[in-house]
Amino acid sequence: MKILGIETSCDETAAAVVEDGVSILSNQIASQVEIHARYGGIVPEVASRQHILAIIPILKQAMAEAKVTWSDLEGIAVTIGPGLAGSLLIGVNAAKAIALARGLPITGVNHLEGHIYANWLAEDSANSAPLFPLVCLIVSGGHSDLVLMEGHRNYVVLGRTRDDAAGEAFDKAARILDLGYPGGPAIERAARSGTASIQLPRAWLKGTNDFSFSGIKTALLRLVEQGKISNKADAAASFQEAVVDVLVGKTVAVAKECRVKQILLAGGVASNRLLHQRLVENSPIPVSVPKPILCTDNAAMIAACGYYRFQTGEINGLDLDVVPSLKLA
Ligand code: KG4
Ligand code: ZN
């Protein structure tokens with residue numbers, strides 16, 4: 001089953017064709033990062049307008065790269081939330097137009113589910129599908145969720161952030177250190193030439209599976225304000241170390257407690273190398289992470305998740321609408 005995936009929830013206009021939820025036939029992404037970098041963050045109005053400009057070219061590129069025609073497709077999967085309303089609408093309306101013109105079924109996908117399903121995309125034949133039960137750590141710009149899955153599309157949220165999401169914390173720390181936007185890759189790059197020599201607090205929130213990252217960020221801000229940061233690389237490395245420490249510690253603990261067979265990483269922050277490395281080093285349970293381009297926003301993951309929705313008959317009508325604050329469970 002060849003599915004066209006469409007993703008426009010934030011600042012990437014993306015389209016992809018995926019076969020049977022596993023094989024990527026194409027994966028096209030138009031990033032707006034350079035435009036938003038001028039403002040130090042995403043400007044929703046600008047994002048919507050960029051999606052309008054990019055959506056048709058990116059759809060054409062995805063079809064061409066996959067070497068398919070509209071009649072080869074069997075369904076359309078599109079992100080309906082969570083995300084920016086004005087951005088989501090561009091993708092949803094494009095998906096509806098194609099569905100109407102070609103008589104194709106359409107399914108609305110939760111962006112966070114999409115991130116999880118990036119782990120089912122096979123990059124080579126050596127890749128095997130994740131094993132249930134599993135725990136997935138979703139770490140993106142807006143979420144830090146620990147989720148238990150006992151089967152496909154079955155989610156129990158075990159913990160979430162109480163304040164900043166992990167990606168948001170990286171973005172804010174990069175702004176504090178004046179390292180540029182987006183913050184995650186900027187911190188990771190700067191950290192390579194530094195050592196984690198600065199003490200920053202970790203919020204363990206013992207007895208819960210929740211996270212809190214605002215304390216680490218505030219501690220960093222205080223040190224900068226007091227002129228105590230003489231080396232930005234060391235500060236970046238220390239910040240990254242503190243966030244990774246908490247993410248890994250809590251994820252491994254809950255995975256052991258739930259006696260799962262596998263730990264999955266998902267979302268933009270999952271592309272952080274230290275996070276992956278530390279998780280592998282500290283977990284007795286096998287860890288799976290998509291390759292970096294499939295961790296950050298893309299449409300292949302939406303098509304992969306859409307495949308499983310079609311399998312269970314979750315087909316939407318042309319009245320499909322965006323849900324900007326959509327939850328996972
Ligand atoms: O999943 P994603 O692409 O978009 C959302 O759904 O939010 O995640 C974006 C977030 C941003 O906060 C970005 O700074 C962070 O992921 N990120 C990283 C890295 N690459 C992206 N954080 C840490 N290390 C990275 N290498
Ligand atoms: Zn995302």
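Just so it is clear, the structure is predicted and the values come from calculations on it, not from any experiment.

Cut-offs used in this document
- Counting restarts for each chain, with residues numbered from 1 along the sequence as it is written.
- Here chains are named by letter from A upward and ligands by number from 1 upward, in the order in which they appear as written.
- Owing to the predicted nature of the model, reporting of local features is limited to residues with pLDDT of at least 70; listing and counting of side-chain atom pairs is limited to 80 or more, with chain, interface and lining totals taken over all residues.
- With hydrogens and water stripped out, all remaining heavy atoms of the structure feed into the side-chain values.
- Any residue with a heavy atom positioned within 4 Å of a molecule or strand is treated as near that molecule or strand.
- Pairs of N or O atoms are called polar contacts if they sit within 3.5 Å, as long as, within protein, a hydrogen donor faces a hydrogen acceptor (for residues adjacent in sequence, only side-chain-to-side-chain pairs).
- Computed with the Shrake-Rupley method and a 1.4 Å probe, the accessible areas treat only the protein chains shown as cover for residues.
- To qualify as a helix, a DSSP run of H or I must reach at least 4 residues; to qualify as a strand, a run of E must reach at least 2; elements of each kind are numbered from the N terminus.
- Under the scheme applied here, ten amino acids are nonpolar (Ala, Val, Leu, Ile, Met, Phe, Trp, Tyr, Cys and Pro), four are charged (Asp, Glu, Lys and Arg), and all others, including Gly, are polar.
- Any residue under 20% of the maximum accessible area for its type is buried, any over 50% is exposed, and the rest in between are partly exposed; the area is computed with a 1.4 Å probe on protein chains only.
- We call two residues contacting when some pair of their heavy atoms lies within 4.5 Å.
- Pairing of aromatic rings covers Phe, Tyr and Trp, the last through its six-membered ring, and needs centres within 6.5 Å; plane angles under 30 degrees mean stacked, over 60 mean edge-to-face, and all others mean tilted.
- Strands pair, by our definition, only if DSSP identifies at least two bridges between them.
- Working convention: axes come from line fits to C-alpha atoms, limited for helices to the stretch in contact. Angles between N-to-C directions cover 0 to 180 degrees.
- Regarding the arc, it is the one traced by the directions from the helix axis to the C-beta atoms.
- Any pair of cysteine sulfurs within 2.5 Å is marked as a disulfide.
- Working definition: roughly parallel below 35 degrees, roughly antiparallel above 145 degrees, roughly perpendicular at 65 to 115 degrees, and oblique for all remaining angles.
- Put simply, a crossing is left-handed when the front helix is turned counterclockwise from the back one by less than a right angle, and right-handed when it is turned clockwise.

Visitor: What am I meant to see in the site of ligand 1 here?
Guide: By nearness alone, 19 residues border ligand 1, and His 115, Gly 141, Asp 171, Gly 184 and Glu 188 come closest of all. In this structure, an oxygen atom belonging to ligand 1 sits 3.0 Å away from a main-chain N or O atom of Gly 268. Isolated, ligand 1 exposes 550 Å² of accessible area, and the fraction of that covered by the protein chains is 88%. Listed by contribution, the elements that provide at least two residues to the shell around ligand 1 are helix H4 (111-117), helix H5 (166-176) and helix H6 (183-191). Sorting elements by how many residues they give to the shell around ligand 1 places H6 first, with four residues. Split by residue class, the shell around ligand 1 holds three nonpolar, 13 polar and three charged.

Visitor: Is there a simple way to explain the side chain of Ser 283 in this structure?
Guide: Looking at where Ser 283 falls in the secondary structure, it is placed in the loop between helix H9 (273-282) and strand E10 (287-288). Residue Ser 283 is classed as buried on the basis of its relative accessible area of 12%. Within the structure, the side chain of Ser 283 is placed 2.6 Å from the backbone oxygen of Ile 285, a separation counted as a polar contact. Once residues within four sequence positions are removed from consideration, Ser 283 is found in contact with Val 252 and Ile 263.

Visitor: Any chance you could explain the packing of aromatic side chains here in plain terms?
Guide: Two aromatic rings are characterised by how far apart their centres lie and by the angle between their planes. Applying the stated criterion across every chain, the model contains six aromatic pairs. Seen in terms of ring centroids, Phe 170 and Phe 239 are 5.5 Å apart; in terms of plane orientation they differ by 85 degrees. Their pairing is edge-to-face. Here the residue Phe 170 occupies a position in helix H5, and Phe 239 occupies one in helix H8 (residues 232-257), the gap between them amounting to 69 residues. With a relative accessible area of 0%, Phe 239 lands in the buried category.

Visitor: How should I be thinking about the sheet that holds strand E8 (residues 155-160) in this particular structure?
Guide: Backbone hydrogen bonds are what pair the strands of a sheet, in a parallel or an antiparallel way. In spatial order, the strands read E8-E7-E6-E9-E10; together these five strands make up an open sheet with mixed pairing. Every interior strand has two partners, whereas the edge strands, E8 and E10, have only one. Examined bridge by bridge, strand E9 (residues 262-266) and E10 share two bridges and lie parallel to one another. Within E10, the residue paired with Ile 263 across the bridge is Val 287. The sheet strands contacting H8 are strand E6 (134-139), strand E7 (144-149), E8 and E9, and the helix crosses E6 at an angle near 160 degrees.

Visitor: How should the side chain of Asn 298 be read in this particular structure?
Guide: Position of Asn 298 relative to the elements: it lies in the loop between helix H10 (292-295) and helix H11 (300-311). A relative accessible area of 0% places Asn 298 in the buried class. Within the structure, Asn 298 has its side chain in polar contact with the backbone nitrogen of Ala 300 (distance 3.1 Å). Among the polar contacts listed, one links the side chain of Asn 298 to the backbone nitrogen of Met 301, at a separation of 2.9 Å. Not counting chain neighbours up to four residues away, the residues in contact with Asn 298 comprise Glu 7, Ala 14, Asn 27, Ile 29 and Ile 293.

Visitor: For this particular structure, what's the right way to read H5?
Guide: Given 3.6 residues per turn, any residue in an α-helix points the same way as the ones three and four places further on. Within H5 the residues assigned to the buried category are Ala 166, Gly 167, Ala 169, Phe 170, Ala 173 and Ala 174. Taken down its axis, H5 places every buried residue within 160 degrees of arc, on the same side. Count one or two residues on from H5 and you reach Asp 178, which has phi positive near 55 degrees.

Visitor: Explain the state of the cysteines to me, please; I cannot follow it from the model alone.
Guide: Note on terminology: a disulfide is the covalent bond linking the sulfur atoms of two cysteines. Throughout the structure, instances matching the rule amount to zero disulfides. For Cys 305, which is in no disulfide, the shortest distance to another cysteine sulfur is to Cys 136 and amounts to 12 Å. Classification of Cys 305 as buried rests on a relative accessible area of 0%.

Visitor: It is not clear to me how the packing of helix H2 (residues 44-66) against helix H3 (residues 85-102) should be interpreted in this structure. Could you clarify?
Guide: To characterise two packed helices, one gives the angle between the axes of the helices and the distance between these axes. Close contact between H2 and H3 brings their axes to 8 Å; oriented N to C, the two are set at 30 degrees. As far as their axial angle goes, H3 and H2 are roughly parallel. For H2 against H3, the interelement crossing comes out right-handed. Across the interface between the two elements, Ala 47, Ser 48, His 51, Ile 52, Ile 55 and Leu 59 of H2 pack against Gly 86, Ser 87, Ile 90, Ala 94 and Ile 98 of H3. Per-class residue counts for the contact of H2 with H3 are seven nonpolar, four polar and no charged.

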